[in-house]
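Here are the chains, one letter per residue:
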Amino acid sequence: MEKIAILDFGSQYTQVIARRIRERAVFSEILPFDTPATRLADPEIRGLLLSGGPASVYSRKVPQPDPAIFALRKPILGICYGMQLLAHHLGGRVAHSSKREYGPGVLQRRAGSLLFSGLPRELKVWNSHGDKLTRLPRGFRSAARTENSEFAAIEDPARRIYGLQFHPEVHHTPLGRHILENFVHRICGCGRKWTMRSFIERACDDLRAQVGRENVILGLSGGVDSSVAAALLHRAIGQQLTCVFVNNGLLRKHEAEGVRRLVKRNLRVRLKYVDASDGFLHRLRGVTDPERKRKIIGREFIRVFERTTQQLRGSHRFLAQGTLYPDVIESVSIGNNPAALIKSHHNVGGLPKRMRFRLVEPLRQLFKDEVRRVGEQLGLPREVVWRQPFPGPGLAVRCLGEISEDKLRVLREADWVIVDEMKKSGLYYKVWQTFAVLLPVKSVGVMGDERTYENALAFRAVESQDAMTADWVRVPYDLLAKISNRIINEVRGVNRVVLDITSKPPGTIEWE
Ligand code: XMP
């Protein structure tokens, strides 16, 4: 499959670049900044994109690409630090500047550049850089200027090397997507091959090739990812698939029945229900550290799957999971990307080192919105495709401190109220996630003339496109009041509701 390789120099926007390119129907893949040129020589890679990054080409320990990439004769686009890097490598001069140019600017493009083909003479762009290019490398010319820089965009069309000082991938460069489109289609010559329909066909072929005649079990949680993975596998291998729904004791209210109903109605796959809640809760007893909780849960899931397959007919060598691209990226350190290990997502970093299964992860290359589009393409209904995400470790990561049945009951009741009110208000499907977090903090209150001394509960609502970044939702005050009133009146054990107003970064979506 033809694709664009994005070398990640640690920009907070690297994933956004990948998404923007895929939105142009071209597959893109994020690779470490120092990926060897021999690997990038792969003929399927039609162009290279060097991301921005926090470094300066003049600092001592700077992330450098393999210099041989410039001899590959592939189109290259450098963005921000990526442009300074390529200019520096090719003989230009970059001046260190103590003053950052940050914020909006107006770009004037010169005529005749393929990169700006079809765009107006002037366009709004977003800048965020310290160093500045002061002399062009040989063979280059300026393709656009801003008030502050002669070299806001540079190009060597003969060698098909381009650089942008500003960020075309962000919202604040409204026509940026056309620039990326020109790069991938006109300059790199990619077609519009990355569609969800083509993905499904290819994924089914790959799955059949990977699995052969073996049986596969899939941990189905009823969430978007595992449901879409199940539908895809079902299409690819039919009866060789058995789905296992594990009740880990950390589910929301009525979740177990709800998921069984949902699967029966919409997926028509074979489903085995396993109640393993005692085992999970037993192993979590006394555990307060978030990473330990995640590891214990990840391992216990695998044990349950291993035990379950022994009860099934035939051997099951493969375990399928709905792992997504951001899970994979967030769980490994790419270069000096700040997205380096933050949490062990239960189905990636939380897996035991030794296990009997080989993994099947058909969604590993997809962003969440792509998974949702695949789900729609496979005919799954809105209540599955647009369901809010729920973490694999379930309520465990929303119950700060030690987990107990009583705390889980509080979380379940509060969550039920929140989902109910969000659905009634019509907001549920418009936001990424809404949930309650039970805090290990007690405070004094008064209820019906009596003193209370009970737990505080945080309400969190976030909007996001792919969970990599998120902002807290400005939920209307009246709705907040309703949620808070209902929780305090209906949920025994909570006498105070607080609102979480932290974005990601610097916070994460879940508290643990
Ligand atoms: P954080 O808290 O890292 O969460 O900002 C990002 C998104 O991922 C969900 N999440 C998980 N999903 N297994 C999952 O399948 C996990 O271990 C896990 N941890 C967090 C979280 O709900 C949010 O949507």
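Cut-offs and rules
Residues numbered from 1 in each chain as written. Predicted model: local features only at pLDDT ≥ 70, side-chain atom pairs only at ≥ 80, totals over all residues. Heavy atoms only, no water. Buried < 20%, exposed > 50% of the residue type's maximum accessible area, 1.4 Å probe, protein only. Helix = DSSP H or I, 4+ residues; strand = E, 2+ residues; numbered from the N terminus. Right-handed = clockwise from strand over helix to strand, strands pointing away. Pairing = 2+ DSSP bridges. Core = buried A, V, L, I, M, F, W, Y, C linked by side-chain atoms within 4.5 Å. Domains from an automatic or database assignment. Contact = heavy atoms within 4.5 Å. Axes fitted to C-alpha atoms, helices over the stretch in contact; angles between N-to-C directions. Parallel < 35°, antiparallel > 145°, perpendicular 65-115°, else oblique. Left-handed = near helix turned anticlockwise from the far one by under 90°. Nonpolar A, V, L, I, M, F, W, Y, C, P; charged D, E, K, R; others polar. Salt bridge = Lys/Arg side-chain N within 4 Å of Asp/Glu carboxyl O.

Novice: Break down the pairing of strand 13 (residues 241-247) for me, with residues and values.
Specialist: Along strand 13, seven of the seven residues are buried, which leaves the element largely enclosed by surrounding structure. Residues of strand 13 alternate between two faces, with Leu241, Cys243, Phe245 and Asn247 on one and Thr242, Val244 and Val246 on the opposite face, all of them buried. Between the parallel pair strand 12 (residues 215-219) and strand 13, the chain is carried across by helix 6 (residues 224-237), and the sense of this crossover is right-handed. Of the pairings in the sheet, the one linking strand 13 to strand 14 (residues 270-275) comprises six bridges and is parallel in character. When the bridges of strand 14 are listed, Val244 appears paired with Lys272. In this fold, the crossover linking strand 13 to strand 14 by way of helix 7 (residues 255-266) has right-handed handedness.

Novice: Just give me the short version of the nonpolar core, but keep the residues and values in it.
Specialist: In this structure, Val246, Leu250, Phe305, Ile403, Met422, Leu457 and Ile487 are the most contacted members of the largest nonpolar core, which totals 49 residues. Those elements that provide at least two residues to this core are strand 13, helix 8 (277-284), helix 9 (290-311), helix 13 (405-425), strand 17 (433-447), strand 18 (450-463) and helix 14 (477-490). It is helix 13 that contributes the most residues to this core, eight residues altogether. Shared between two domains, this core holds at least three residues of each, these being domain 2 (196-385) and domain 3 (398-500). Filtering out sequence-adjacent residues up to four positions away, Phe305 remains in contact with Ile217, Gly219, Val244, Val246, Leu319 and Phe357. One finds Val211, Val216, Leu241 and Val259 within the second-largest nonpolar core, a separate group that totals 43 residues.

Novice: Provide a residue-level description of the packing of helix 13 against helix 14, including the pertinent values.
Specialist: As a packed pair, helix 13 and helix 14 sit with axes 10 Å apart at the nearest point and diverge in direction by 150°. Here helix 14 runs roughly antiparallel to helix 13, going by the angle between their axes. Classified by chirality, the crossing of helix 14 by helix 13 is right-handed. Of the residues in helix 14, those touching helix 13 at Ala414, Val417, Ile418, Asp420, Glu421, Met422, Lys424 and Ser425 are Leu479, Lys482, Ile483, Arg486, Ile487 and Glu490. Per-class residue counts for the contact of helix 13 with helix 14 are seven nonpolar, one polar and six charged.

Novice: So what about the pattern of salt bridges? Which residues, and what values?
Specialist: Inspection of the entire model under this criterion finds 34 salt bridges. The shortest N-O distance in the salt bridge between Arg110 and Glu150 comes to 3.1 Å. With Arg110 in the loop between strand 6 (101-109) and strand 7 (122-129) and Glu150 in the loop between strand 9 (141-145) and strand 10 (153-156), this pair connects stretches of sequence that are 40 residues apart. A residue is classified by how much of its surface remains accessible, and Arg110, at 30% relative accessible area, is partly exposed. Taking the shortest distance from any N to any O, the salt bridge between Glu413 and Lys253 comes out at 3.2 Å. On the criterion of sequence distance, the pair formed by Glu413 in helix 13 and Lys253 in the loop between strand 13 and helix 7 is long-range, its members being 160 residues apart. Judged by its relative accessible area of 25%, Lys253 is partly exposed.

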